[in-house]
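Chains, contacts and geometry: an overview
Spelled out, the chains give:
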Amino acid sequence: MAEKFAVKKGDNVVVLAGKDKGRTGEVLSVLRANRRVVVSGINMVKRHTKPRQGDQGGIVEKEAAIHISNVALQDPKDGKATRVGYKNLDDGRKVRFAKRSGEVIDV
């Protein structure tokens, strides 16, 4: 079974380390096997691509993966980095919440 991560696709995260430290972005994908995430606008790299049918080619700038330990979930209340906790609601759903503010993340 795959390891459970506190960060999911679509979450807003804060970068904790590296060249983009302090910046925020949305998680585009989670690479579970490598323990990495791809965040929009973070860790941009240039790739030289060959022209293909329907594609011009050239130098393309895109996001590269960043290790999951270098990102933290963004608190919905104040926008700062927070850890994630889990709790069961009265209706039986298990949801994630921000430990910093106590705000429920999953709606």
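Residue indices begin from 1 for each chain and proceed along its sequence in written order. Residues qualify for local features only when their pLDDT is at least 70, as the model is predicted, and side-chain atom pairs are given and counted only at 80 or more; totals for whole chains, interfaces and linings, by contrast, use all residues. Hydrogens and water are ignored here; the side-chain numbers use all heavy atoms of the structure.

We count a salt bridge whenever a side-chain nitrogen from Lys or Arg sits within 4 Å of a carboxyl oxygen from Asp or Glu. For the structure on display, the rule yields seven salt bridges. Note that R100 is salt-bridged to D78, the shortest N-O span being 2.8 Å. Taken as a pair, R100 in the segment after β10 (94-98) and D78 in the loop between β7 (71-74) and β8 (81-82) lie far apart in primary sequence, 22 residues in all. For the exposure calls, accessible area comes from a 1.4 Å probe over protein chains only, and a residue counts as buried if that area is under 20% of its type's maximum, exposed if over 50%, partly exposed in between. Accessibility expressed as a relative area gives 44% for R100, which makes it partly exposed. Helix numbers and strand numbers start at the N terminus; a helix is a DSSP run of H or I with at least 4 residues, a strand a run of E with at least 2.

What follows deals with the UniProt feature "domain: KOW" (unreviewed entry) in the protein chain. The sites that UniProt annotates as "domain: KOW" (unreviewed entry) are residues 6-33. What you have in residues 6-33 is 0% helix and 43% strand, and the ends, taken at the C-alpha atoms, are 15 Å apart. UniProt positions are given in the numbering used here, feature names are shortened, and annotations may be inferred rather than shown by experiment.

Moving on, we get to a positive patch on the surface. Residues with no salt bridge and a relative accessible area higher than 30% make up the patches, which join like charges within 9 Å and nonpolar side chains (Val, Leu, Ile, Met, Phe, Trp, Tyr) within 5 Å. Areas reported here follow the Shrake-Rupley algorithm with a probe of radius 1.4 Å; residue values treat only the protein chains shown as occluding. Positive charge is attributed to Lys and Arg, negative charge to Asp and Glu, and no charge count is given to His or to the chain ends. Where a charge sits is defined by one atom per residue type, namely NZ (Lys), CZ (Arg), CG (Asp) or CD (Glu). Together, K4, K8, R32 and K94 make up a region of like positive charge exposed at the surface. Here K94 falls in the exposed class, since its relative accessible area comes to 59%.

Here we come to the side chain of D11. Assignment of secondary structure puts D11 in the segment before β1 (12-15). Its relative accessible area of 10% is what places D11 among the buried residues. Each polar contact in these results corresponds to two N or O atoms within 3.5 Å; when the atoms are within protein, one needs to be able to donate a hydrogen and the other to accept it, and residues that are neighboring in sequence are counted only if both atoms are side-chain atoms. Engagement of the side chain of D11 in a polar contact is seen with the backbone nitrogen of K8, the distance being 2.8 Å. Only 2.8 Å separates the side chain of D11 from the side chain of R96, close enough to count as a polar contact. By the convention used here, residues are in contact when the closest approach between their heavy atoms is within 4.5 Å. If we ignore the near neighbours within four places in the chain, the residues touching D11 are A6, G25, E26, V27, L73 and R96.

Now for the domain arrangement of the protein chain. Interface size, as often reported, equals the accessible area lost upon joining of the parts. As far as domains go, the protein chain holds domain 1 (11-74) and domain 2 (80-106). Note that the domain bounds reflect an automated or database-derived domain assignment. For domain 1 and domain 2, the distance between their C-alpha centroids amounts to 26 Å. Taken residue by residue, the interface counts six residues in domain 1 and six residues in domain 2. Summed over both partners, the interface of domain 1 with domain 2 comes to about 430 Å²; 61% of that surface belongs to carbon and sulfur atoms. Between D11 and R96 there is a salt bridge, and its shortest N-O distance comes to 2.8 Å. Viewed at the interface, domain 2 and domain 1 are joined by two residue pairs in polar contact (both at pLDDT 80 or more). In terms of residues, the side of domain 1 that touches domain 2 owes the most to one element, β7, which gives three residues. Here the buried area means the combined drop in accessible surface, using a 1.4 Å probe, for two parts upon being joined, counting both sides.

Before going further, it helps to spend a moment on the side chain of R96. Following the sequence through the fold, R96 ends up in strand β10. Only 3.0 Å separates the side chain of R96 from the side chain of D106, close enough to count as a polar contact. What R96 contacts, discounting residues up to four positions off in sequence, is A6, V7, K8, D11, L73, V84, G85, Y86, V104, I105 and D106.

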